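Observations on the three-dimensional arrangement
Single-letter residue listing:
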Amino acid sequence: MTTTAVTTTPVVGFERVGKSYGNVRAVDGLTLALHPGETVALLGPNGAGKSTTLDLLLGLKQPDTGTVRVLGTSPREAIVAGRVGAMLQSGGLMDEVTVAELVRLACSLHPRPYPVSEVLARAGVTRIADRKVDKLSGGQAQRVRFALATAGDSDLIVLDEPTTGMDVTTRQAFWATMREQADHGRTVLFATHYLEEADAVADRVLVLHRGRLLADGTAAEIKAKAGARRISFDLPDAPIDEDRLRGLPFLATLDVSGRTVRIQSTDADATVHALYGLGLYPRNLEVAGLGLEQAFMTITAAEEAKSTC
């Protein structure tokens, strides 16, 4: 008896993709694959290549080298077929029309549209449906962009800084809606500067740096990749000698604020042992793993250090 392996075409496939602007290599040999039902966060410092990567994915730019495939076809063909919904941070909205009119237009253009009332409700803009688009606040405009991105039944939803300008309550409602989309088998890819959102929402995190994929895994795996832990404590009864503290083994970073010391260490046990060896008696000692933001900064800083050597 033979078993035939079942293969699934990736929702998104980048194969050795490169894109340059003059002497600047915005995307450098990028290879990755996204799969159905994944919620993926795209992280990276300014200039990492996030926007160019999204532009290539959406067919707004063409790669100099390599191939980009979306749902087994070209980005343009996937978008024309209505299989991709996109919410771009820089996307302009038509003036002098109401929210309802704009959403109705988006639904009419989609090959597999949802009812207009459903789209308005999902995006939380039903109450402002009769308001002119040019009279919206920043957060309201973002929700309208989200409505346009989800006007029809798409397999891939691409979001660029989607919650910029949204208040906390609206952001929570937004991500609850995105989780529902992923639960229905849709793939959600979002670029964000809110790393706490990536930590809480994404089941996969991609870290770009200088156009290359620096890390790819769950938030927990990205934190572990940083290879460091946080140590914090107070020294209320002794003068703080920062030079002595900088001599602690496995020290990655040191921050002293008043009587409070915060350290990142690649071997927390050895660092704490050496701390007592200095004759210091820390109070309120805490040792914990890095948050995603600290891990992200550690990984990218290490890469920067390599590139300047």
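As a starting point, this report considers the structure included with it. (Residues numbered from 1 in each chain as written. Predicted model: local features only at pLDDT ≥ 70, side-chain atom pairs only at ≥ 80, totals over all residues. Heavy atoms only, no water.)

Brief notes about the overall build of the protein
What counts is decided by this rule: The numbering of helices and of strands both runs from the N terminus, where a helix is a DSSP run of H or I of at least 4 residues and a strand a run of E of at least 2. Exposure is judged per residue with a 1.4 Å probe applied to protein chains only, and the accessible area is read against the type maximum: over 50% gives exposed, under 20% gives buried, and values in between give partly exposed. Residues count as neighbours in contact if any of their non-hydrogen atoms are within 4.5 Å of one another. Each accessible area is a Shrake-Rupley estimate made with a 1.4 Å probe; only the visible protein chains count as cover when residues are assessed. In summary, the charge assignment counts Lys and Arg as positive and Asp and Glu as negative, without counting His or the chain termini. By convention, the point assigned to a charge is CZ for Arg, NZ for Lys, CD for Glu and CG for Asp.
A count of helices and strands for the protein gives 11 helices and 13 strands. With the C-alpha coordinates aligned to their principal axes, the bounding extent of the protein is approximately 75 × 55 × 55 Å. For the protein, buried positions account for 45% of its 309 residues. Restricting to contacts in the protein with at least 6 residues of sequence separation, those with at least 24 account for 69%. A total accessible area of about 15,700 Å² is found for the protein, and carbon and sulfur atoms account for 50% of it. Averaging the coordinates of the 33 positive side-chain charges in the protein and doing the same for the 37 negative ones gives two points 3 Å apart.

Focus: the packing of aromatic side chains
In plain terms, the rule: Two rings belonging to Phe, Tyr or Trp (six-membered ring only in the last case) form a pair when the distance between their centres is within 6.5 Å. Interplanar angles under 30 degrees mark stacking, angles over 60 mark edge-to-face geometry, and anything in between is tilted. In this scheme, Lys NZ or Arg CZ marks a charge over a ring once it lies within 6 Å of the ring centre and within 35 degrees of the ring normal.
Applying the stated criterion to the full structure yields four aromatic pairs. Judged by centre distance (5.0 Å) and plane angle (85°), the ring pair of Phe174 and Trp175 falls under edge-to-face. Trp175 carries the same exposure label as Phe174, and that label is buried. Judged by relative accessible area, which is 4%, Trp175 ranks as buried. Through successive ring pairs, a cluster of aromatic residues spans Phe146, Phe174, Trp175 and Phe190. Directly above the ring of Tyr114 sits Arg122, whose terminal nitrogen or CZ lies 4.7 Å from the centroid. Its guanidinium or amino end placed over the ring of Tyr194, Arg171 lies 4.2 Å from that ring's centre, counting from NZ or CZ.

Considering the sheet that holds strand 1 (residues 12–21)
Going by this rule: Being paired, for any two strands, means DSSP has found at least two bridges between them. All axes here are fitted lines through C-alpha atoms, helices being fitted over the stretch that makes contact, and every angle between N-to-C directions spans 0 to 180 degrees.
Here three strands make up an open sheet; going across it, the order is 2-1-4 and the pairing antiparallel. Here the strands that pair on one side only, and so sit at the sheet edges, are strand 2 (24–34) and strand 4 (65–70). If you compare each strand with its neighbour and ignore which way they point, the axes differ by 25° on average. The sheet contact formed by strand 1 and strand 4 spans five bridges and is antiparallel. The residue of strand 4 that forms the bridge with Gly13 is Arg69. The strands touched by helix 1 (residues 50–57) within the sheet are strand 1, strand 2 and strand 4, with strand 1 carrying the most contacts at an inclination of about 120°.

Considering helix 10 (residues 268–277)
To keep things clear, this is the line we draw: Working definition: the arc comes from the directions between the helix axis and the C-beta atoms, pointing outward to the latter.
Of the residues making up helix 10, those classed as buried are Ala268, Thr271, Val272 and Leu275. The arc that holds the buried residues of helix 10, viewed along the axis, is 95°, so those residues lie on one side. In this structure, helix 10 carries Asp269, His273 and Gly277 as exposed residues pointing more than 90 degrees from its buried face. Positive phi appears at Gly279, one or two residues downstream of helix 10, with a value of about 80°.

With respect to empty space enclosed by the protein
For clarity, the threshold we go by: The rule is simple: put a 1 Å grid over the protein atoms alone, call a set of points where a 1.4 Å probe fits but cannot get out a cavity, call an open set with protein on both sides within 12 Å along at least five of seven lines a pocket, and count a residue as lining if it has an atom within 4 Å of a point. Grid points are joined across faces, edges and corners, and a volume is the space filled by probe spheres set on the points. Throughout, the ten residues Ala, Val, Leu, Ile, Met, Phe, Trp, Tyr, Cys and Pro are labelled nonpolar, Asp, Glu, Lys and Arg are labelled charged, and all others, Gly among them, are labelled polar.
Scanning all chains against the criterion turns up one cavity of 30 Å³ or more. Of the volumes computed, that of the largest cavity is approximately 50 Å³. For the lining of the largest cavity, the elements supplying multiple residues, two or more each, are strand 1, strand 2 and helix 1. By residue class, the composition of the lining of the largest cavity is eight nonpolar, one polar and no charged.

What about the pattern of salt bridges?
Filter applied, for reference: In what follows, salt bridge is the name for a side-chain nitrogen of Lys or Arg lying within 4 Å of a carboxyl oxygen of Asp or Glu.
Applying the stated criterion across every chain, the model contains 17 salt bridges. Of the charged contacts in the structure, one is a salt bridge between Asp55 and Lys61, with a shortest N-O distance of 2.9 Å. Overall, the relative accessible area of 16% leaves Asp55 in the buried class. Accessibility expressed as a relative area gives 28% for Lys61, which makes it partly exposed. Where Glu242 meets Arg246, a salt bridge forms, and the shortest distance between an N and an O atom there is 3.2 Å. In this pair, Glu242 and Arg246 both sit in helix 9 (residues 242–246), four residues apart, roughly one turn of the helix. Through salt bridges with shared partners, a single network forms among Glu38, Arg204 and Asp216.

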